[in-house]
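Coordinates in review
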Amino acid sequence: MSLVKVNFFALHRCIVMDRRQFIKLSSLFGGGIAISTQLTGCGATFQPDGDDYVPAATFTHGVASGDPTANSIILWTRAVPENNNSSGYVRWQLATSPDFAAPIRSGVVKAERSRDFTVKVDVRDLPAGQRYYYRFFTSETRSPTGQTLTLDNGVVDRVKFAVFSCANFPAGYFNAYDAAAKDNSVDVVLHLGDYIYEYPKGGYATANADAIGRSFVPGNEGELLNLTDYRTRYAQYRGDKGLQLLHQRKPFIAVWDDHEIANDTFLSGAENHNEGEGDFFARRTAAIQAYYEWLPIRPPMGDENPQIYRYFEFGNLVSLYMLDTRVIGRDEQLSLRNYKLANGSFDLQSFQRDINDPARTLLGTEQFNWLKKHVASGNNRWHVLGQQILMGKMHYPAEIIATTNRQAVPGVIAELMELRQKQLAGQTLTREEQQRLSVKIPYNLDAWDGYAAERDKVLKLFSQEGKSLVVLAGDTHNGWANTITDSSGNTVAVEYGTPGVTSPGFEGYLGLTDKQAEDLARALPLLIDEVKYCNLHQRGYMSVEFTLGQVNTAWHYVSNIKDTSYTVRTQHRERFVG
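A brief structural summary. Note that the structure is a prediction, hence the values are computed from the model and not measured.

Taking strand neighbours across the sheet as the criterion, the seven strands line up as β15-β16-β17-β20-β22-β21-β23 in an open arrangement whose pairing is mixed. Where the open sheet ends on each side, the last strands, each with one partner, are β15 (310–314) and β23 (531–535). Neighbouring strand axes in the sheet, compared pairwise and without regard to direction, differ in orientation by 20° on average. Two strands pair when backbone bridges link them, and strand β21 (residues 479–485) and strand β22 (residues 491–497) are joined in this way by six bridges, in the antiparallel orientation. Looking at β22, one finds that W480 is bridged to G497. Packed onto the sheet, helix α9 (residues 365–377) meets β15, β16 (318–322) and β17 (382–386) and runs at close to 180° relative to β16. Strand contacts of helix α15 (residues 514–527): β21 and β23, with the helix running at about 165° to β23, the strand carrying the most contacts.

Counted at 1.5 Å a residue, the expected span for α9 with its 13 residues is 18 Å, and the 19 Å between its end C-alpha atoms agrees. For α9, every residue scored as buried is listed here: Q367, F368, W370, L371, H374 and V375. Down the axis of α9, the buried side of the element spans an arc of 160°, and every buried residue falls inside it. Exposed side of α9, more than 90 degrees from the buried face: T365, E366 and K373 are the residues found there. Where α9 is buried, its residues contact β15, β16, β17 and α13 (452–463).

Attention shifts here to the sheet that holds strand β6 (residues 105–112). Sheet strands line up and pair through hydrogen bonds in the backbone, either parallel or antiparallel. Strand order in the open sheet formed by four strands is β6-β5-β8-β9, with antiparallel pairing between adjacent strands. A strand with exactly one partner marks an edge of an open sheet, and here the two such strands are β6 and β9 (146–149). Taking each pair of neighbouring strands and ignoring which way they run, the sheet shows an average axis angle of 30°. Pairing geometry for strand β5 (residues 87–95) and β6, over eight bridges, is antiparallel. Each bridged residue has a counterpart across the sheet, and for W92 the counterpart in β6 is G107.

For the rest of this paragraph, the subject is the side chain of T502. Along the chain, the position of T502 falls in the loop between β22 and α14 (506–510). One polar contact links the side chain of T502 to the main-chain carbonyl oxygen of N168, over a distance of 2.7 Å. Once residues lying within four places of it in the same chain are set aside, the contact partners of T502 are C166, A167, N168, F169, A171, G172, Y173, F174, R539 and I561.

One pass over the structure, following the stated rule, counts 27 salt bridges. Here D178 makes a salt bridge to K182, at a shortest N to O gap of 2.8 Å. When the shortest N-O distance is used, the salt bridge between E530 and K393 registers 3.7 Å. Of the two residues, E530 sits in the loop between α15 and β23 while K393 sits in the loop between β17 and β18 (395–397), which places them 137 residues apart along the sequence. Considered together, E530 and K393 belong to a single accessibility category, that of buried residues. A single salt-bridge network, built from bridges that share partners, covers R131, R158, D187 and E545.

How each quantity is defined
- Residues numbered from 1 in each chain as written.
- Predicted model: local features only at pLDDT ≥ 70, side-chain atom pairs only at ≥ 80, totals over all residues.
- Heavy atoms only, no water.
- Pairing = 2+ DSSP bridges.
- Helix = DSSP H or I, 4+ residues; strand = E, 2+ residues; numbered from the N terminus.
- Axes fitted to C-alpha atoms, helices over the stretch in contact; angles between N-to-C directions.
- Contact = heavy atoms within 4.5 Å.
- Expected span 1.5 Å × (residues − 1).
- Buried < 20%, exposed > 50% of the residue type's maximum accessible area, 1.4 Å probe, protein only.
- Arc of directions from axis to C-beta.
- Polar contact = N/O pair within 3.5 Å; in protein donor to acceptor, adjacent residues only side chain to side chain.
- Salt bridge = Lys/Arg side-chain N within 4 Å of Asp/Glu carboxyl O.

Encoded structure:
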């Protein structure tokens, strides 16, 4: 038996990197992948020999699967040879029953130090709509048994996603992952980014790490800058039992956000990168290589499947577009402080001109044209954008944003909420009071609010085709349900934002008590036109179930992230009928 083997990592040694071409080339650095088809996947007689044969390997980080299609699935493990070899072969099996009495596919794959001993198998030509079991093994050791599936390609009654974002290891235990792993109604996990964080010890959300047993391993306590740094951080994250269990039981469809590289990444830099930290493009290459090694994601190949953005079809029910709003096309973020004039006033005219500049882009031309092509040809009941950042207009009263003292913000919001309640009750407000409510500006220019013209272009792709659009978002660490309107004020979509797995939300940013955060969450839907629901202080995940008739979304919050003892509570539900 022989396997068709494509060693993407080897290409790195023969390519001289041109920065303008980095994005296209970096997607090839994901490591070798064994491709198993019906012709190559029997493997019963293959016997590795020579120095590459190892009787035992340690499967250090469990198993994982990802990028399911109607006829294929990626299988993943990490197999470290116990004899300290730089490489070794391991076997794999795929079956329709957990006892593997009659494996339908099997083969051999090589684990190599050059890829951090991570291995992937792209199993193709499989029957659609089938649940599978898989495992890796040598003659002496065996991995845990994983569960996965292929997508249906006909009439589909329902599909349910568990949606995650923003898991910060030192901030707490990944109990949200554990909870979703134990939910048998979930079919597929959508991970919308910030799978890891690049910060050092003493950095963001690390204050309680030592106390709760979530310190970084020795040697990985600095900021992540090179390939070894990123690999080591992934290894520690993947040691979390909740994350291992979720990967073992559910296939992942994932995209990166910024912290897989550095905070507020854009096309040619990042907020959390400076000249003293070396070349940004070399850092980004290392980060993306480690991402492709450690995630069960199919390395893109060729112009027909470019970069990390990709398309999944769940029968006649859901068209899922996984976007990259972070790396390959994003222009640098605007900053409100750049529009503050010498007299202390705000240059609103210049700000509005720049934020609505049609040349500003998040997606880039190639990705936008790819999306346009798929939207035009897709005829499924629901069209879903799986992407990193909030698309809804989060336009706050300008007074809130102008308040420089964070501790004073809740008081300002309380005053504005009182005025809004008077307004809704029909009471007359003074001109000054009306202005306090009506003068609004976007607060998060790292989100779609900072790229308003392109947001309208994307929304038109769906509204002009009469498509029912659901937007899924992460990034903010908080739960959201928003309506999305176009530039004319027409409602064209709904948006659901998932809370962070462990990263702190508004309560951490503003220093709020739980009660203050709950009060603020009740106030924001009154003050921000497109917000229907928000939760600003609890960690968890979101489930989204699609049927032909409706979309049912639920926010699930864990009671604790300081240790692995927790309960989970579903605190809010939304229904959308399209």
